Amino acid sequence: MRQIPVDTSTATVMVAKTPQIKIKDRRTGEIALDTDGGKLMTVDVMFAANDEVEILSVTVPETGVSDELTMGTPVALTGLIARPWENEFNGQKRHGIAFRAVAVTSLVVGAAQTKAA
């Protein structure tokens, strides 16, 4: 499936909702895993660029989510890609764009360490 790299260099990105474990099947509670068997997380971020603001749900491996992510934390999205998708469920066609990143990292780690010192 086609993957489109997303340029985040001019965007302002911050956490809109704290990271959650991604659920593959809501009926069974099965957790989504990557190809290596690691847990996947979902991080909702506010993505502001070109005078527009969107809330994106970004899938990230658990190892790529830094611990200090809370609502409003400015973050960097490493390796962000967009992947168009479509499926049919109960006779209805659906489509959208899924976002995936290698890591979501706080941009205020240094400031938090300075305050603690």
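Overview of the structure. (Residues numbered from 1 in each chain as written. Predicted model: local features only at pLDDT ≥ 70, side-chain atom pairs only at ≥ 80, totals over all residues. Heavy atoms only, no water.)

Scanning the protein chain for helices and strands turns up one helix and 10 strands. Reading the secondary structure of the protein chain in the N-to-C direction produces β-β-β-β-β-β-β-β-β-β-α. Taking the principal axes of the C-alpha coordinates as reference, the protein chain spans close to 60 × 35 × 20 Å. When each of the 117 residues of the protein chain is scored for burial, the buried share is 30%. Summing over all exposed atoms, the protein chain offers an accessible surface of approximately 8,200 Å²; the carbon and sulfur share of this is 52%. Of the side-chain charges in the protein chain, 12 are positive and 14 negative, and the distance between the mean point of each set is 6 Å. (Helix = DSSP H or I, 4+ residues; strand = E, 2+ residues; numbered from the N terminus. Buried < 20%, exposed > 50% of the residue type's maximum accessible area, 1.4 Å probe, protein only. Areas by Shrake-Rupley, 256 points an atom, 1.4 Å probe, with all protein chains shown as cover. Lys, Arg positive; Asp, Glu negative; His and termini not counted. Charge placed at Lys NZ, Arg CZ, Asp CG, Glu CD.)

Strand order across the open sheet formed by six strands is E1-E8-E9-E6-E5-E2, with mixed pairing between neighbours. The open sheet terminates on both sides in strands that have one partner only, identified here as strand E1 (4–5) and strand E2 (12–21). (Pairing = 2+ DSSP bridges.)

Regular strands have side chains that alternate between both faces of the sheet. Here two bridges tie strand E6 (residues 52–61) to strand E9 (residues 92–100), and the two strands are oriented parallel to one another. Counted as the bridge partner of Val-58 is Phe-99 from E9. The pairing of strand E8 (residues 81–89) with E9 spans nine bridges and is antiparallel. From the neighbouring strand, Phe-89 faces E9, where its bridge partner is Gln-92.

This paragraph deals with the nonpolar core. Soluble globular proteins tend to pack their nonpolar side chains together in the buried interior. Within the largest apolar cluster, 20 residues are counted, with the highest numbers of intra-cluster contacts made by Val-45, Phe-47 and Val-58. Among the elements that make up this core, the one with the highest residue count is strand E5 (residues 40–49) (five residues). Not counting residues up to four positions away in its chain, the partners in contact with Val-58 are Met-41, Thr-42, Val-43, Val-45, Leu-80, Phe-99, Arg-100 and Ala-101. (Core = buried A, V, L, I, M, F, W, Y, C linked by side-chain atoms within 4.5 Å. Contact = heavy atoms within 4.5 Å.)

A few words now on the side chain of Asp-34. By the secondary structure assignment, Asp-34 is in the loop between strand E4 (30–31) and E5. Although Asp-34 is buried, it makes no salt bridge; Arg-100 carries the closest opposite charge, 4.7 Å away. A polar atom in the side chain of Asp-34 sits 2.8 Å from the backbone nitrogen of Gly-38. Residue contacts for Asp-34: discarding those within four places in its chain leaves Leu-40, Pro-61 and Arg-100. (Salt bridge = Lys/Arg side-chain N within 4 Å of Asp/Glu carboxyl O. Polar contact = N/O pair within 3.5 Å; in protein donor to acceptor, adjacent residues only side chain to side chain.)

Keep in mind these numbers describe shape, not what the thing actually does.
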